[in-house]
Amino acid sequence: IIDIISGDRAADGSAGTRISQDLVKLTKQAFKGTEIISTSQRNDVILRIATRFIERTGLKMIPFYWGYCVALENLNSNEFQGHCVKSEKAANGPNFSHATPETCLGCGHFYVDDKFRNYWETQEVAWRVHSKKDNIVGAAKKKASNWAEVFRRGVEKYFGQPRC
């Protein structure tokens, strides 16, 4: 959160975009009409903004290799409605047993930033290479191709064009 406020990290994914917009608004309000003289004063204000934001929203960020789940309830329904929730019953949080890069891709609770780019790009390449091996056939080849496509879509959606 502090890195987003200070501009050291760009957040993406539905949750990342929403969090960034809220933090930009809060930061503009905090700095409006003030003169910050030193870096330490600026950092102190940023830390206070981040702390208040986390306390106000009850923000919980659950880490995965591919990004974070921002486990916030849907404000309109007071229940969690992430892609990983498979049942029709109301949920009060993510179902980690269903969380995968594929289910998180495009979920309103998914947060990703440039620190995850390498993971998405290397997985896409690894699955693509695996899917083209001669000894991989049938369902295994199809599954490898599907995973390569999931990671390709993720790279394109969150990071633009791949670096390699």
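Just above sits the structure.
Computed from a prediction, not measured in an experiment: that's the story for all the values here. (Residues numbered from 1 in each chain as written. Predicted model: local features only at pLDDT ≥ 70, side-chain atom pairs only at ≥ 80, totals over all residues. Heavy atoms only, no water.)

A. Focus on the packing of helix α2 (residues 13–31) against helix α3 (residues 39–57). Across the interface, α2 lies against α3 with an axial gap of 10 Å and an inter-helix angle of 130°. For the element pair α2 / α3, the angle class is oblique. Like other packed secondary-structure pairs, α2 and α3 cross with a definite hand, here right-handed. Residues Ile19, Asp22, Leu23, Leu26, Thr27, Ala30 and Phe31 of α2 form the contact with α3, whose participating residues are Arg42, Val45, Ile46, Ile49, Phe53 and Arg56. Along the lines of polarity and charge, the residues of the contact of α2 with α3 split into nine nonpolar, one polar and three charged. (Axes fitted to C-alpha atoms, helices over the stretch in contact; angles between N-to-C directions. Helix = DSSP H or I, 4+ residues; strand = E, 2+ residues; numbered from the N terminus. Parallel < 35°, antiparallel > 145°, perpendicular 65-115°, else oblique. Left-handed = near helix turned anticlockwise from the far one by under 90°. Contact = heavy atoms within 4.5 Å. Nonpolar A, V, L, I, M, F, W, Y, C, P; charged D, E, K, R; others polar.)

B. View of the nonpolar core. Core analysis: the biggest nonpolar cluster contains 19 residues, and Phe64, Trp66, Phe110, Val112, Trp120 and Tyr158 have the highest contact counts within it. Elements supplying a minimum of two residues to this core: β2 (61–64), β4 (110–113) and α6 (138–159). Sorting elements by how many residues they give to this core places α6 first, with six residues. (Core = buried A, V, L, I, M, F, W, Y, C linked by side-chain atoms within 4.5 Å. Buried < 20%, exposed > 50% of the residue type's maximum accessible area, 1.4 Å probe, protein only.)

C. Spatial organisation of the pattern of salt bridges. Evaluated as defined, the whole model comprises five salt bridges. Residue arginine 48 pairs with aspartate 44 through a salt bridge whose shortest N-O separation is 3.2 Å. Placement of both arginine 48 and aspartate 44 in helix α3 is noted, with a separation of four residues, approximately one turn of the helix. Residue classification places arginine 48 among the partly exposed residues on the basis of a relative accessible area of 40%. Note that glutamate 156 and arginine 152 form a salt bridge whose closest N and O atoms lie 3.0 Å from each other. Of this pair, glutamate 156 and arginine 152 both sit in helix α6, four residues apart, which is roughly one turn of the helix. Under the relative-accessibility criterion, glutamate 156 is labelled partly exposed at 47%. Through salt bridges with shared partners, a single network forms among Glu149, Arg152 and Glu156. (Salt bridge = Lys/Arg side-chain N within 4 Å of Asp/Glu carboxyl O.)

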